[in-house]
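Coordinate inspection notes
Listed below are the residues making up each chain.
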Amino acid sequence: MKHSIYILLLGAIALTCSCNRVEDEIFGESSAQRLLHYTDSVDKILTSAENGWEMIVFPTTDMQGLNVLVKFTEDQMFTAAAKNSITTNNEYKIAGGSLWQMLSNQGPCLSFDTYNDVMHAFAEPTLSGYTKGVGMKGDFEYLVISADPDQLILKGKKRGTYNVMRRLDPSQEWKDYFTQIESQAGKTFNNHNILTAKVGDTEYSLYDGASGVFKAMPKGVIFTDSLSSKYPFAFTKNGICLMEGFPGYTDVRLLDIREGFGYINGEVSISAGNVY
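Residues numbered from 1 in each chain as written. Predicted model: local features only at pLDDT ≥ 70, side-chain atom pairs only at ≥ 80, totals over all residues. Heavy atoms only, no water.

This part is about the pattern of salt bridges. Taken as a whole and judged by the stated rule, the model has seven salt bridges. Between Glu182 and Lys83 there is a salt bridge, and its shortest N-O distance comes to 3.3 Å. Separated by 99 residues along the polypeptide, Glu182 in helix H3 (residues 174-189) and Lys83 in the loop between strand E3 (77-82) and strand E4 (93-103) bring together distant segments of the chain. Judged by its relative accessible area of 40%, Glu182 falls in the partly exposed class. Exposure remark for Lys83: the relative accessible area of 25% places this residue in the partly exposed category. A single network of salt bridges, built from pairs that share partners, joins Asp208, Lys215 and Asp225. (Salt bridge = Lys/Arg side-chain N within 4 Å of Asp/Glu carboxyl O. Helix = DSSP H or I, 4+ residues; strand = E, 2+ residues; numbered from the N terminus. Buried < 20%, exposed > 50% of the residue type's maximum accessible area, 1.4 Å probe, protein only.)

Quick look at the structure:
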């Protein structure tokens, strides 16, 4: 019996080794090597942005997105800036001298390692206005879902929210960025309390957008808060960023400003009334 078990164990080990050799032959390198190379490539993308990145952070699945500007350097330091009513009391705040790194233990993961007044406010358990010891419940580590030279999709390691980073234009002044975002929000909701979303062939009425969380109801259906679908979002330099897209288009998170009033990405658009 012991002899049979020994033979089975040897067979299992041999099969595993064989599978690993086949995998290496197919891809040219091991999975660990591929992960390391991909992690290094993300590192290079992050540090290549001379003026940094626009990052839309969704601390939790039911909270509005918050705008952060962040710049990474090759010596693993980062600087971040923000201006909002939740973490900076509507004052422009910038903080630097903090460490970051790319981890690769569970897939590529962007980690803001050392404390930073801007980036760690989302995970700060003593944040003013929130339950002491709990805070906003946000993240400071983000799994990299996708990355290209101009855009990254990140997923909060603890909360699972989707967050977006877009490369900033080299000429964009950081402080002016937040003024532009505020102006855009004002124009969007000026005299337009209810917006319309057209998603493929389906239309939705979007309520309470000024809160940073759209409450969507099928067009023509009387609004009921408990029956509405919630879509946290934030304004971006180029339009609107949803934490998650509408049914059938869940990956369509970024809608760009269109000429005139409105936002659009393919078959998904958001505008005032019935104007598209």
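A separate point is the pairing of strand E7 (residues 151-156). As paired strands, strand E6 (residues 141-148) and E7 are joined by six bridges and run antiparallel to one another. Of the residues in E7, the one forming a bridge with Leu143 is Lys155. Counting the residues that bridge the hairpin from E6 to E7 gives two residues. Two strands pair when backbone bridges link them, and E7 and strand E8 (residues 162-167) are joined in this way by five bridges, in the antiparallel orientation. The residue of E8 that forms the bridge with Lys155 is Tyr162. (Pairing = 2+ DSSP bridges.)

Now for the sheet that holds strand E1 (residues 53-57). In space, the eight strands of this closed barrel follow the order E1-E2-E3-E4-E5-E6-E7-E8, with antiparallel pairing throughout. Each strand of the sheet is rotated relative to its neighbour by a mean of 35 degrees, with strand direction disregarded. When strand E2 (residues 66-72) meets E3, the two strands line up antiparallel, connected through five bridges. Bridging across to E3, Lys71 finds its partner in Thr79. (Axes fitted to C-alpha atoms, helices over the stretch in contact; angles between N-to-C directions.)

Our focus in this paragraph is the side chain of Thr47. Mapping Thr47 onto the fold places it in helix H2 (residues 31-48). Separated by 3.3 Å, the side chain of Thr47 and the backbone oxygen of Lys44 make a polar contact. Apart from residues no more than four positions distant in its own chain, Thr47 is found in contact with Phe72, Thr73, Glu74 and Trp100. (Polar contact = N/O pair within 3.5 Å; in protein donor to acceptor, adjacent residues only side chain to side chain. Contact = heavy atoms within 4.5 Å.)

With that settled, consider the nonpolar core. Membership of the largest hydrophobic core comes to 34 residues, with the highest contact counts inside it found for Leu206, Phe214, Leu242, Phe246 and Ile270. When contributions to this core are tallied by element, the ones reaching two or more residues are H3, strand E9 (195-199), strand E10 (202-207), strand E11 (213-218), strand E12 (229-235), strand E13 (239-242), strand E14 (254-257) and strand E16 (268-272). Tallying contributions element by element places H3 first for this core, with five residues. Beyond its immediate chain neighbours, meaning those up to four positions away, Phe246 contacts Ala197, Val199, Leu206, Tyr231, Val268 and Ile270. Within the second largest apolar cluster, 30 residues are counted, among which are Ile45, Phe78, Leu127 and Val144. (Core = buried A, V, L, I, M, F, W, Y, C linked by side-chain atoms within 4.5 Å.)

Let us look at the side chain of Asn67. Within the secondary structure, Asn67 sits in strand E2. At 2.9 Å, the side chain of Asn67 and the side chain of Tyr177 are in polar contact. For Asn67, the side chain forms a polar contact with the main-chain oxygen of Phe235, separated by 2.7 Å. Setting aside its immediate chain neighbours within four residues, Asn67 contacts Glu54, Met55, Ile56, Ala81, Ala82, Tyr177, Phe178, Ile181, Ala234, Phe235 and Thr236.

Reading around the circumference, E9-E10-E11-E12-E13-E14-E15-E16 is the order of the eight strands in this closed barrel, with antiparallel pairing throughout. Each strand axis lies, on average, 30 degrees off the axis of its neighbour in the sheet, ignoring direction. Note: E9 against E16, five bridges, orientation antiparallel. Within E16, the residue paired with Thr196 across the bridge is Ser271. On top of the sheet, H3 reaches E9, E11, E12, E13, E14 and strand E15 (263-265); it is set at about 135 degrees to E12, its chief contact.

The analysis is restricted to geometry; functional conclusions fall outside its scope.
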